[in-house]
Amino acid sequence: MTAEADPGARRRRMGQLLLRAAVLAAAFAALVAFSVLLAKVTLTPSPASEGIVTSNLKPGRSLRQYAEEYTFLAACKQAGGNLLLGAPFGVLLPILVPRRLRMLRMTVLTVLVMAVVELAQGALVAGRAFDVDDVILNTAGALLGYALVGRRISHRYHALSDEPAAADKPTPGPRTPGRTEPAARRRTNPATASKAGTKAKAGTKAKAGAETKPGTKAKAGGRPGSGSAARRSASAPVARGRALFDRLRGRREGPGGGAPGARRRGA
């Protein structure tokens, strides 16, 4: 039965590994494609806006400009476009980064990548400038994508990676009743066992002595006053014998206190 279960477990483990590799490859390919699209969108020159666009190093300045100077559709286009550009980071990066602190790692990587893109725009691309609000909006889009989709996908992917590790752990076999394990024998110290046995014997003797002493005293003592009653019962025949001896002696001596022969002679 074990031989039949092992091939099935191996096939299941291989299927999980292949699925994990396929998900990892798809995430990497999607990230590469998104990087190409991001470079095309952000690093394309815009000569028409060359004299209008200026660098922004103050957080919130461009956002206020969108709200005050732009129409609703234009503001949604600018802010929504930056949010959409950051959303794939929140979906793909949690799969590629380690499971521990994945949200923090994803956020830091998104900030670094988008900061590099904005710096490249301001330094190399005509008609574009560095804007810190774009970095903020891209990071917010990554967090939104992680909260909606990326967290679930990354959780399932890392669960697949944990299952083969759990399957590789040996399972303990059934224990036979009446048989002791060798590990338990090794853990038991003979000197400790002998000391424990000696202490147990000494404790048993002490308990036995403590239990028998009160019983012995009770047997020897009996009920209160039983010793004096036994002495009275033993001295009663002696007292009766003495009283009987005194009566016989008084009769022999007579009322005068002399001997019976002397009284007869005097008479």
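The structure contained in this document is the topic of the report that follows.

Cut-offs applied
- Residues numbered from 1 in each chain as written.
- Predicted model: local features only at pLDDT ≥ 70, side-chain atom pairs only at ≥ 80, totals over all residues.
- Heavy atoms only, no water.
- Core = buried A, V, L, I, M, F, W, Y, C linked by side-chain atoms within 4.5 Å.
- Buried < 20%, exposed > 50% of the residue type's maximum accessible area, 1.4 Å probe, protein only.
- Helix = DSSP H or I, 4+ residues; strand = E, 2+ residues; numbered from the N terminus.
- Contact = heavy atoms within 4.5 Å.
- Expected span 1.5 Å × (residues − 1).
- Phe/Tyr/Trp six-rings, centres within 6.5 Å; stacked < 30°, edge-to-face > 60°.
- 1 Å grid on protein atoms, 1.4 Å probe; cavity = no way out; pocket = protein on both sides within 12 Å on 5 of 7 lines; lining within 4 Å.
- Points joined across faces, edges and corners; volume = space filled by probe spheres on them.
- Nonpolar A, V, L, I, M, F, W, Y, C, P; charged D, E, K, R; others polar.

Quick look at the nonpolar core now. The biggest cluster of nonpolar side chains holds 16 residues, and the ones touching the most others in it are Leu38, Phe89, Leu93, Met106 and Met114. Secondary structure elements with two or more residues in this core: helix H1 (2–42), helix H3 (72–96), helix H4 (102–124) and helix H5 (132–167). At five residues, the largest contribution of residues to this core is made by H3. Excluding anything up to four places from it in sequence, Met114 contacts Leu38, Phe89, Val135 and Asn138.

Turning to H4, a few remarks are in order. For H4, built from 23 residues, the straight-helix expectation of 33 Å at 1.5 Å per residue is met to within 8% by its first-to-last C-alpha distance of 32 Å. Where H4 is concerned, the buried positions are Arg102, Met106, Thr107, Thr110, Met114, Val117, Glu118 and Gln121.

The final tally for this structure, using the stated rule, is two aromatic pairs. Ring geometry for Phe34 versus Phe89: centroids 5.1 Å apart, planes at 85 degrees, classification edge-to-face. Of the two residues, Phe34 is situated in helix H1 and Phe89 in helix H3; the sequence distance between them amounts to 55 residues. On the basis of relative accessible area, Phe34 is assigned to the buried category, the value being 8%. Judged by centre distance (5.2 Å) and plane angle (75 degrees), the rings of Tyr66 and Tyr70 are edge-to-face. You can call Tyr70 partly exposed: its relative accessible area is 33%.

Moving on to the layout of surface pockets. Approximately 870 Å³ is the volume attributed to the largest pocket. Forming the boundary of the largest pocket are 30 residues, of which Val53, Tyr66, Gln78, Arg128 and Asp134 lie nearest the centre. Sorting the residues of the lining of the largest pocket by element identifies H1, helix H2 (61–69), H3, H4 and H5 as the ones contributing at least two each. Broken down by element, the lining of the largest pocket gets its largest block of residues, five residues, from H3. Along the lines of polarity and charge, the residues of the lining of the largest pocket split into ten nonpolar, 14 polar and six charged.

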